[in-house]
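Below, each chain spelled out in residue letters.
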Amino acid sequence: MKQIILVVLLGSLYLEAYAQTATLSGYIRDAESGEALTGATCYVPEIQKGVTSNAYGFYSITLSQGTHRISFSFIGYETQIVEIDLEENQILDVFMVEESTQLGDVVVMAERRDRNITGTEMSMERVSVKMVEKLPSFMGETDVLKTITLLPGIQSGGEGSSGLYVRGGGPDQNLLILDEAPVYNASHLLGFFSVFNSDAIKDIDVYKGGIPAEYGGKASSVIDIRMKEGNSKHFSGQAGIGNISSRLTFEGPIIQDKWSFIVSGRRTYADVVGRLIGIEELKENQLYFYDLNLKTNVKLSDKDRLYFSAYTGDDYFKLGESLYMRWGNITGTVRWNHIFNGKLFSNTSLIYSNYDYNLGVPGNTADQFDWSSHVRDYNFKQNFSWFLNTDNRINFGLNLIRHRFEPGNIKASENSFFQTLNLTRYNAIDGSAYISNEQKIGDLFSMEYGLRLSVFQQVGEGKVREYLNPDSPRGNEVINEISYEKGERIGSPFVNLEPRFSARLTTGSTSSVKASYNRMVQNLHLISNTNSPTPLDIWLPSNKYIKPLISNQVAAGYFRNFNRNEFETSVEVYYKDMQNIIDYKDGAELFLNENLETELLRGSGYAYGMELMAKRQEGQFTGWVSYTLARSMRKVPGINNGKAYPSTYDRTHDVSVVLNHDLNSRFTVSANWVFSTGSPVTYPVAKYNVQGNTLFYYADRNSNRIPDYHRLDLSATWNPRKNETRKVKRSLNISLYNVYARRNAYSIYFRQNEENPRITEATRLSIIGTVIPAITWNINF
């Protein structure tokens, strides 16, 4: 791989040395807000060459000296044609204007949306926040993560779950980052909502496969969420009042075109309103969550820009003096963009992430205790983009993370029957370096190839227990315990190479075929036997007893557009092999277990599937239809006699229908319908009585399924007296969740019949069993 990249570099440098060229570079931004436009196209029709802007809106294109007509385009914006006399390196910042079309007009652009055909990326979706805001939502809360589950190959963990299952992987196998900072638990209210406030979000990129070399650390997917930068042109804001929460966002320039900010917050208020109107059950109780997003950026010079972004959010639940629970995330990112010359773009990031949670009983009673736990990261990242020429863009960089894990600490008063307990802390150093090249070869073929090196080292302060049989540790077979000082290396480092490759071959003006391969290595493991993340889950690093999870995925796809790129269709197939999969012994005890490794089993897994999608993103009627046929299997010694069995994340069939229709300039209606095969589960097949107690004998692991899941949601948005010249714009959104009141099963459990204990009955647990209406009043000013 290194030799290939070296040949490309030397060849390109040789040609440029004998060619009279100049470089045009700059930023592509929204003319109204000054926000950077990611993925905008800079295209030169005369040579049929072009480049796209990076995540910060920066572009660079090297051309022969002389006069050129250059086209700048981006979906939803008017194309700009610029004629420029390029005799030397120049800087040109482009500000693009959104299209203003009358209802029913045909959108005509110089560059139609065909990036799904011409781009090398596959198994990747860029989710529009504008589309997300139009779709029906639970309790009126727009949710980007819930929208992502409507894409093919991505399933939800079920009602009341924020877990995402991507191509057969678990919820801990998704790299979820907000302005580069990892978010370890993205749920509010135990999974009914996500922590991402759409008012503060600009871009959402979802990678299921063909993952670029700059990303690593998780085995299944990347969900890269970027916050808005703040309006650098003028002050503006938006607010919303809904059934259970309110939102307020304010943004504007501190120094026009140089320094801007955005502040966005939301909070639920069911507990506050309940107490005000005299609901007795809420007088002594609390139940709420809040989010607060902050971002500012300042232009230091034409070559330097500094960003600071932060997020904090908490859930808090208190049941009088009986119980309390809280969990939350704090993230912070400082980034410095620097342009060394017209071709080399640099981004330096310092990142902080903290996820912590508490559970306890207040007061000074016999059952008083306070349990706390956290995961904390300190992260340095350095990325470079070298726009070598119109056919090659080289990305390279490094990343260094310090992880700190505290699985659990219990503090108890003298009067409590609980005892103070501190579980073993874990620390680790996580380093990586990568290099990749996006290369075009002629007009029909392009590819992206790269290599990532990851090095993971567990360090002290910490303890490691040794067992009589290290390959199958048992809690009663501890033979030694070794203590390590702060910073001391614990064991050998885990060193892995992760090759990445994707390619595109254009088969016509409206179609292409693509293929990809990626190896992903995961060194952070979620220890949980639930279907989705909960506040009580434990994160552990790779260590002597938990090996890195390694995933190899190959994928291929056919992409075709119709009616001048108005309709996009695709079919993708994939196969994923997974090594060092973790599963759990029957009856595993995970909570506050000092010897967690004794409850774990290790094996392998594989997943495969086919994804179909048809989409329309322009015009009066938009939306998509997707279907996924997939299997996800595990093979773990000690389970099912070593035979393969469906994983918890196996969903054979998954269907999503998403529709949005602009009836006129004031009314919009939307709908989505989802269907998925029921989750795998293990049912009892026999029972026997032991000293008056009924015990069950269970079938093979995950050999049964709960009933299939399906649901219809509807919403309507009304814009009263819509006028583009008005400074204050209002809208009313009404939504219905679970329209036909389907009682989807969250789980099935078995119990003895109260009237006849000899009879065992299956009981369906449903989180939601009725239609849930919501109304939200939105204001933009």
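Sequence positions are assigned chain by chain, starting from 1 and proceeding in written order. Only residues with pLDDT of at least 70 are given local features in this predicted model, and only at 80 or more are side-chain atom pairs given and counted; all residues enter the totals for whole chains, interfaces and linings. Calculation of side-chain values draws on the structure's entire complement of heavy atoms; hydrogens and water are dropped beforehand.

Peer 1: Please clarify how the overall build of the protein chain should be interpreted in this entry.
Peer 2: Here a strand is any run of E in DSSP of at least two residues, a helix any run of H or I of at least four, and the numbering for each starts at the N terminus. Scanning the protein chain from terminus to terminus reveals 5 helices and 51 strands. Every radius of gyration here is taken over C-alpha atoms, with the globule rule written as 2.2 Å times N^0.38, N being the number of residues. For 781 residues, the compact-globule estimate of 2.2 N^0.38 gives 28 Å, and the protein chain sits close to it at 27 Å. C-alpha atoms of the protein chain, sized along the principal axes, occupy 95 × 65 × 50 Å. The cut-offs for exposure are 20% and 50% of the maximum accessible area for each residue type, with area from a 1.4 Å probe on protein chains only; residues under the lower value are buried, those over the upper are exposed, and the others partly exposed. With 781 residues in all, the protein chain has 55% of them scored as buried. Contacts were defined at the residue level, with two residues in contact if any of their heavy atoms lie within 4.5 Å. Of all intrachain contacts in the protein chain linking residues separated by at least 6 positions in sequence, the fraction that spans at least 24 positions is 65%. Of the roughly 34000 Å² that the protein chain leaves accessible, carbon and sulfur atoms contribute 56%. Counting 80 positive and 85 negative side-chain charges, the protein chain places the averaged centre of each group 2 Å from the other. Under the convention used here, a 1.4 Å probe and the Shrake-Rupley method define accessible areas, while residue burial counts only the protein chains that appear. Charged residues are defined narrowly, with Lys and Arg counted positive, Asp and Glu counted negative, and His plus the chain ends left uncounted. Taken as the charge location is NZ of Lys, CZ of Arg, CG of Asp or CD of Glu.

Peer 1: What's the story with the nonpolar core in this structure? I'm lost.
Peer 2: Nonpolar side chains in soluble globular proteins tend to end up buried together. Here, the term nonpolar core denotes a set of buried Ala, Val, Leu, Ile, Met, Phe, Trp, Tyr and Cys residues that are joined through side-chain atoms within 4.5 Å. Among the nonpolar cores identified, the biggest contains 39 residues, and I148, L178, F196, I204, I223 and I225 are the most heavily contacted of them. Looking at this core, the elements that each hand over two or more residues are helix 3 (129-134), helix 4 (144-148), strand 11 (164-166), strand 12 (174-178), strand 16 (201-207) and strand 17 (221-227). In this view, I204 contacts E125, R126, V127, V129, V144, I148, I223, D224 and I225; residues no more than four positions away in its chain are not counted.

Peer 1: Teacher, can you tell me more about the sheet that holds strand 12 here?
Peer 2: As a general point, the strands of a sheet are linked pairwise by backbone hydrogen bonds and lie either parallel or antiparallel. What makes two strands pair is DSSP finding at least two bridges between them. Spatially, the 5 strands line up as an open sheet ordered 9-16-17-12-13, and their pairing is mixed. The two strands at the open ends of the sheet, each matched to only one other strand, are strand 9 (124-127) and strand 13 (181-182).

Peer 1: Any chance you could explain a nonpolar patch on the surface here in plain terms?
Peer 2: Where nonpolar side chains cluster on the molecular surface, the patch consists of V263, L292, L294, L300, L306, F308, V334, W336, L350, F380, L398 and L400 and spans about 980 Å² of accessible area. The leading source of residues in the nonpolar patch is strand 21 (residues 285-301), at 3 residues. Within the element layout of this structure, L292 appears in strand 21. Distance thresholds for patches are 9 Å for like charges and 5 Å for nonpolar side chains (Val, Leu, Ile, Met, Phe, Trp, Tyr), applied to residues having over 30% relative accessible area and no salt bridge. A pair is scored as a salt bridge if a Lys or Arg side-chain nitrogen falls within 4 Å of a carboxyl oxygen belonging to Asp or Glu.

Peer 1: What's the story with the environment of S245 in this structure? I'm lost.
Peer 2: Assignment of secondary structure puts S245 in strand 19 (residues 245-255). Under the relative-accessibility criterion, S245 is labelled buried at 2%. Apart from the residues within four sequence positions on either side, S245 is in contact with E141, G240, R267, T268 and Y269.

Peer 1: I tried to follow the side chain of D291 on my own but got confused; where do I start?
Peer 2: Along the chain, the position of D291 falls in strand 21. At a separation of 2.4 Å, a polar atom in the side chain of D291 contacts the side chain of Y311. Other than its neighbours up to four places away in sequence, D291 contacts H188, V195, S264, G265, R266, Y311, T312 and G313. Each polar contact in these results corresponds to two N or O atoms within 3.5 Å; when the atoms are within protein, one needs to be able to donate a hydrogen and the other to accept it, and residues that are neighboring in sequence are counted only if both atoms are side-chain atoms.

Peer 1: Could you clarify how one ought to interpret the confidence of the model for the protein chain in this entry?
Peer 2: Atomic detail in the predicted coordinates should be set aside for any region of low pLDDT. The predictor attaches a confidence to each residue, called pLDDT, with possible values from 0 through 100. Mean pLDDT for the protein chain: 87, with 92% of residues reaching 70 or above. The low-confidence segment residues 13-18 (pLDDT under 50) makes 6 contacts with residues lying over four places distant or belonging to another chain. Considering only residues more than four positions removed or in separate chains, one finds that residues 101-112, a stretch of pLDDT under 50, has 26 contacts.

Peer 1: Help me out: how do you make sense of the sheet that holds strand 3 (residues 49-52) in this one?
Peer 2: Across the sheet, 4 strands lie side by side as 3-2-5-6; this open sheet has antiparallel pairing. Two strands close off the open sheet at either side, each with one partner strand: strand 3 and strand 6 (80-86). Averaged over all pairs of adjacent strands, the angle between strand axes in this sheet comes to 25°, irrespective of strand direction. Taken together, the 3 bridges between strand 2 (residues 41-44) and strand 5 (residues 66-73) define a ladder with antiparallel strand orientation. Bridging across to strand 5, C42 finds its partner in F72. Orientation is described by lines fitted to C-alpha atoms, with helices fitted over the stretch in contact, and by angles between N-to-C directions that extend from 0 to 180 degrees.

Peer 1: In this structure, what is going on with the pattern of salt bridges? I would like to understand it.
Peer 2: If the charged atoms of two oppositely charged side chains come close together, the side chains can form a pair. With the rule as written, the count across this model stands at 34 salt bridges. The residue E141 makes a salt bridge to R266 at a minimum N-O spacing of 2.7 Å. Separated by 125 residues along the polypeptide, E141 in the loop between helix 3 and helix 4 and R266 in strand 20 (residues 259-268) bring together distant segments of the chain. Using a relative accessible area of 6% as the deciding quantity, one classes E141 as buried. With its nearest N and O atoms 2.9 Å apart, the salt bridge here joins D257 to K233. Taken together, the positions of D257 in the loop between strand 19 and strand 20 and K233 in the loop between strand 17 and strand 18 (236-241) put the pair 24 residues apart, joining distant regions of the chain. According to the relative accessible area criterion, D257 is partly exposed, its value standing at 38%. Bridged by salt links that share partners, the residues D179, E180, K295, R335 and K381 form one connected network.

Peer 1: Can you walk me through the pairing of strand 32 (residues 494-508) in this structure?
Peer 2: Every other side chain in a regular strand lies on the same face of the sheet, so the side chains alternate between the two faces. Sheet topology note: the strand 29 (residues 445-459)/strand 32 ladder contains 12 bridges and is antiparallel. By the bridge assignment, E448 is partnered in strand 32 with S502. The pairing of strand 32 with strand 33 (residues 511-522) spans 8 bridges and is classified as antiparallel. Bridge pairing in strand 33 places R500 opposite N518. What sits between strand 32 and strand 33 in their antiparallel hairpin is a turn of 2 residues.

Peer 1: For this particular structure, what's the right way to read the packing of aromatic side chains?
Peer 2: Centre-to-centre distance and the angle between the planes together describe a pair of aromatic rings. Classification of ring pairs rests on two measures: the distance between centres of Phe, Tyr or Trp rings, Trp counted by its six-membered ring, which must be within 6.5 Å, and the angle between planes, read as stacked under 30 degrees, edge-to-face over 60 and tilted in between. Applying the stated criterion across every chain yields a total of 29 aromatic pairs. Consider the rings of F384 and F396, whose centres lie 5.0 Å apart with planes at 20°: the pair is stacked. Of this pair, F384 sits in strand 25 (residues 369-389) while F396 sits in strand 26 (residues 392-411), and the two are 12 residues apart along the sequence. Of the residues examined, F396 reaches a relative accessible area of 28% and is grouped as partly exposed. Members of the aromatic cluster, joined through ring pairs, are Y27, Y56, F58, Y307, F345 and F387. Remark: a charge is flagged as sitting over a ring if the NZ atom of Lys or the CZ atom of Arg is within 6 Å of the ring centre and within 35 degrees of the ring normal. Geometry around F95 places K233 over its ring, the cationic atom sitting 4.3 Å from the centre.

Peer 1: In this structure, what is going on with the environment of G508? I would like to understand it.
Peer 2: You can see G508 is positioned in strand 32. Residue classification places G508 among the partly exposed residues on the basis of a relative accessible area of 29%. A C-alpha to C-alpha distance of 68 Å links G508 and R758, two positions 250 residues apart in sequence.

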